[in-house]
Amino acid sequence: MTENTFYTDHWRQIDDERVGRYERMFVWREGHAALLAPLELRPGSRVLDYGCGPGFMTEGMARIVGPAGRAYGVDLNAGFVANASHRNSESDNISFHLVDGDCIPLDDTTVDRLLCKNVLEYVPDVQTTLAEFRRVLEPGGRLLLIDSDWGFVAVEPWGMERTKRFFDAAAPAFKEPEIGRKLRSHLLDAGFDHVDVRVQAGVDIEGGSLLVLRNMANRCPPPRSTRCLTKRQRPLTTTAICSAYRNSWRRASGLRADVGDEPRPVYPRLRVPWQDRPRVIQSL
Ligand SMILES: C[S@@+](CC[C@H](N)C(=O)[O-])C[C@H]1O[C@@H](n2cnc3c(N)ncnc32)[C@H](O)[C@@H]1O
């Protein structure tokens, strides 16, 4: 791995433990159908899921488009593509393909719908990728880009300054961590029309986002490639997480003191030890 390609190298080479974490993070959820509504998928649609990861979203879309339609998953990680292909080897309306470089391995106008969720923050050149999207989409097709803007995330109890330092330290894992605010301009520059933008704000009070923060901390470049980080930033990714644990733990202990010796969860629906969770993660 080298410094300037870390944002893409860390997706090409994923250790088994991280693959397991992604398989838990990227499962198909009830809310996904609503997230996909702007795509207007219907039976018979041909849809590409670009940067499909483990492929659960691709599978969900294959169910929606049915046997008359088709879903294609494309990713640069060979393990994701192999596992998803194996899992779906009996299905006729879904296939997975490895992308290497900028070219999508599909013919021109293959699809009439294209989803790209949480991927453009990692591509080497957004305009090149969007040009490929235009090529594989038939004229009049629909493209749905969903991406984060890590500059709008607040983590409590860290506060804004520490949160910013955390994301600065994690920045080499992204090509463009603030892609969200730039999507509209990129689409217009690439020649797409009827561009609509929606901002989705959310508050995580159950701490599920800790998985994402942990992944980011783990994804910080290994020692040899940390030269791109300042001396001050380097240790922060881990200390910030630890400090969140500590703060939460302190509060948990305080609460226990209030209620006697019985441990009592603060959030009624917690499924993992709650000291592993930050109190509030808010993203805009
Ligand atoms: C954050 S995951 C999102 C997975 C999936 N789209 C989802 O939202 O559940 C990012 C995915 O993009 C893939 N990826 C990263 N850079 C890519 C590139 N240049 N071309 C295609 N896929 C890429 C990674 O391998 C990974 O599977």
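Just above sits the structure.
Just so we're clear, the structure is a prediction, and the values are computed from it rather than from any experiment.

Observations regarding the environment of Val27
One can find Val27 in the loop between α2 (16-25) and α3 (32-35). Overall, the presence of 12 C-beta atoms within 10 Å leaves Val27 in the exposed class. The sequence separation of Val27 and Phe56 amounts to 29 residues, and the corresponding C-alpha distance is 5.6 Å.

A short note on helix α7 (residues 160-170)
Residues of α7 that are buried include every one of Phe166, Phe167, Ala169 and Ala170, and no others. Buried residues of α7, viewed axially, fall in a sector of 155°; they line one side. Away from its buried face by more than 90 degrees, α7 exposes Met160 and Glu161.

Quick word on the nonpolar core
By size, the foremost hydrophobic cluster in this structure holds 52 residues, and its most contacted members are Val47, Leu48 and Leu114. In terms of residue count, helix α4 (residues 56-65) provides more of this core than any other element does, five residues in total. Composition of this core by domain shows at least three residues from each of domain 1 (1-147) and domain 2 (149-177 + 201-284). Beyond its immediate sequence surroundings of up to four residues, Val47 is in contact with Leu41, Met61, Val65, Ala71, Val111, Arg113, Leu114 and Leu115.

A look at the pairing of strand β3 (residues 94-98)
Note on strand geometry: in a regular strand, side chains alternate between the two faces of the sheet. Relative to β3, strand β2 (residues 70-75) runs parallel, the two sharing five bridges. Among the inter-strand pairings, Val74 is bridged to a residue of β3, identified as His97. One crossover worth recording links β2 to the parallel β3 by way of helix α5 (residues 78-87), and it is right-handed.

Cut-offs used in this document
- Residues numbered from 1 in each chain as written.
- Predicted model: local features only at pLDDT ≥ 70, side-chain atom pairs only at ≥ 80, totals over all residues.
- Helix = DSSP H or I, 4+ residues; strand = E, 2+ residues; numbered from the N terminus.
- Buried ≥ 20, exposed ≤ 12 C-beta atoms within 10 Å, placed from the backbone.
- Arc of directions from axis to C-beta.
- Core = buried A, V, L, I, M, F, W, Y, C linked by C-beta atoms within 7 Å.
- Domains from an automatic or database assignment.
- Contact = placed C-beta atoms within 7 Å.
- Pairing = 2+ DSSP bridges.
- Right-handed = clockwise from strand over helix to strand, strands pointing away.

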